[in-house]
Amino acid sequence: MTGTSIRVWVDGALVDPLGPAVSALDHAVTVGDGVFETAKIVDGAPFALTRHHRRLEQSAAGLGLPAPDLAFVDKGVAAVLEGDPIAFGRLRYSVTGGVGPLGSDRHEASLTTIVVAAPQARPPASGRLTVVPWTRNERSAVVGLKTTSYAENVVALARAKQVGAIEAVFANTRGELCECTGSNVFVVAGGVVLTPPADSGLLPGITRGLVIEWGRAAGIEVREQPLPLHALTTSDEVFITSSTKDVLPIDAVDDHDLPAERPVTTRLQEIFRSNAERDSDP
Ligand SMILES: Cc1ncc(COP(=O)(O)O)c(C=O)c1O
């Protein structure tokens, strides 16, 4: 992926993807004061944009930012998706606190709106997980918000890549299974699909929500409940979900290999694929 295949729109205009476009004093640059969304692009169109917009609003409200102007965001989305359709990629849009003080205090926020579209490789068919020693804080001031403060995820994902894993798994401060750096986690035990609940400290993924809804609608039992970390190695199947990975089966968690047979995960992949094909904004 080169800079030139990325399309970037900032505050009303398409800009040079590699050129300066945001103030050095922007509060997202200085302290990570901003919110964002990542949606999948398939054949030039975003998937589940309405759900991503709702979550952006919730993240902004949780951070104490003014409500984002979603009609303005939509203009940016249209601008970056115009032209040659991106066959598969990522739509990333951010609303930041705008130019602000160099510290954590805020002036009256003047939001900065950034929309980016970029092609990317399709996800692999499956992958490995590694458990990292750091925690998700279920009592954090920003729990459940998709903020631009992602440094913890950067460190954890780098660790995962070092050991050949596709994702890093965090427990929360209670030692319960929580989520990955950019994905939610599910296990399957005795045919029942289990995933940590919203109050475990996770980001409520759009894909997680759709898997729960669509799985239940197809007659699969799906429960949100606290899970011990060792559920990753004592369950029959493990999969992760995210906007660009959809439902991704897990082969191993650290040195524990999981069974190659994963009928429930395969069924959920099929359910997700057929529902998503039928409705690109569920
Ligand atoms: C911390 C975190 N958890 C979970 C997810 C998965 O969410 P979604 O399905 O909305 O992509 C993401 C998405 O990037 C994330 O950043």
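Higher on the page you've got the structure.
Residues numbered from 1 in each chain as written. Predicted model: local features only at pLDDT ≥ 70, side-chain atom pairs only at ≥ 80, totals over all residues. Heavy atoms only, no water.

Enquirer: Account for the state of the cysteines, naming residues and giving values.
Expert: Within the structure shown, the criterion is met by zero disulfides. Unpaired in terms of disulfides, cysteine 178 finds its nearest cysteine sulfur in cysteine 180, a separation of 9.3 Å. Residue classification places cysteine 178 among the buried positions, given a relative accessible area of 1%. According to the relative accessible area criterion, cysteine 180 is buried, its value standing at 0%. (Disulfide = S-S within 2.5 Å. Buried < 20%, exposed > 50% of the residue type's maximum accessible area, 1.4 Å probe, protein only.)

Enquirer: Now, about a nonpolar patch on the surface: what can you tell me, with residues and values included?
Expert: Judged by side-chain polarity, Leu25, Val99 and Leu102 come together as a nonpolar surface patch covering roughly 290 Å² of accessible area. Relative to the elements of secondary structure, leucine 102 occurs in the loop between β5 (88-96) and β6 (112-119). (Patch = residues over 30% accessible without salt bridge, like charges linked within 9 Å, V, L, I, M, F, W, Y side chains within 5 Å. Areas by Shrake-Rupley, 256 points an atom, 1.4 Å probe, with all protein chains shown as cover. Salt bridge = Lys/Arg side-chain N within 4 Å of Asp/Glu carboxyl O. Helix = DSSP H or I, 4+ residues; strand = E, 2+ residues; numbered from the N terminus.)

Enquirer: Pulling in residues and values, what's your account of the nonpolar core?
Expert: Counting residues in each nonpolar core, the largest one holds 22 residues, and the members touching the most others are Val35, Val77, Val80, Leu91, Tyr93, Val115 and Ala117. Looking at this core, the elements that each hand over two or more residues are β3 (34-42), α2 (49-63), α3 (70-81), β5 and β6. Counting residues per element, this core draws most heavily on α3, which supplies six residues. Once residues lying within four places of it in the same chain are set aside, the contact partners of valine 35 are Leu56, Ser59, Ala60, Leu63, Leu65, Tyr93, Ser94, Val95, Lys146, Thr147 and Thr148. Residues Val188, Leu210, Ile212 and Ile271 belong to the second largest nonpolar core, which totals 19 residues. (Core = buried A, V, L, I, M, F, W, Y, C linked by side-chain atoms within 4.5 Å. Contact = heavy atoms within 4.5 Å.)

Enquirer: Residues and numbers for the sheet that holds strand β1 (residues 7-10), please.
Expert: One open sheet accounts for six strands, arranged β2-β1-β6-β5-β3-β4; its pairing is antiparallel. At either margin of the open sheet sits one strand with a lone partner, and together these are β2 (13-15) and β4 (45-46). Relative to β5, β3 runs antiparallel, the two being bridged by nine bridges. Within β5, the residue paired with valine 42 across the bridge is phenylalanine 88. α2 contacts β3, β4 and β5 of the sheet and is inclined by roughly 170° relative to β3. Where α3 meets the sheet, it contacts β1, β2, β3, β4, β5 and β6, and its direction lies at approximately 30° from that of β6. (Pairing = 2+ DSSP bridges. Axes fitted to C-alpha atoms, helices over the stretch in contact; angles between N-to-C directions.)

Enquirer: Any chance you could break down the environment of alanine 24 for me, citing the residues and the numbers?
Expert: Mapped onto the fold, alanine 24 is located in the loop between β2 and α1 (27-31). Separated by 228 residues in the primary sequence, alanine 24 and alanine 252 have C-alpha atoms spaced 42 Å apart.

Enquirer: So, the packing of aromatic side chains: which residues are in play, and what are the values?
Expert: Counted by the stated rule, this structure contains five aromatic pairs. Judged by centre distance (4.7 Å) and plane angle (10°), the ring pair of phenylalanine 186 and phenylalanine 239 falls under stacked. Taken together, the residues phenylalanine 186 in strand β10 (residues 184-189) and phenylalanine 239 in strand β13 (residues 237-242) connect sequence positions 53 residues apart. Taken together, the aromatic side chains of Phe47, Trp214 and Phe272 make up a single cluster linked through ring pairs. If you follow lysine 40 out to its NZ or CZ, it ends over the ring of phenylalanine 47, 4.9 Å from the centre. Sitting over the face of the ring of phenylalanine 170, arginine 136 holds its NZ or CZ atom 4.1 Å from the ring centroid. (Phe/Tyr/Trp six-rings, centres within 6.5 Å; stacked < 30°, edge-to-face > 60°. Lys NZ or Arg CZ within 6 Å of the ring centre and 35° of its normal.)

Enquirer: Please set out the site of the ligand residue by residue, giving values where relevant.
Expert: Surrounding the ligand, one finds 16 residues, the nearest of these being Tyr150, Glu179, Ile206, Thr207 and Ser243. Contact between the ligand and glutamate 179: a nitrogen atom at 2.6 Å from a side-chain N or O atom of the residue. A distance of 2.6 Å is found between an oxygen atom of the ligand and a side-chain nitrogen or oxygen belonging to threonine 207. When the free accessible area of the ligand is taken as 390 Å², the share hidden by the protein chains comes to 94%. When contributions to the shell around the ligand are tallied by element, the ones reaching two or more residues are β9 (177-180) and α5 (206-217). Partitioning the shell around the ligand into residue classes produces four nonpolar, eight polar and four charged. (Near = heavy atom within 4 Å. Polar contact = N/O pair within 3.5 Å; in protein donor to acceptor, adjacent residues only side chain to side chain. Nonpolar A, V, L, I, M, F, W, Y, C, P; charged D, E, K, R; others polar.)

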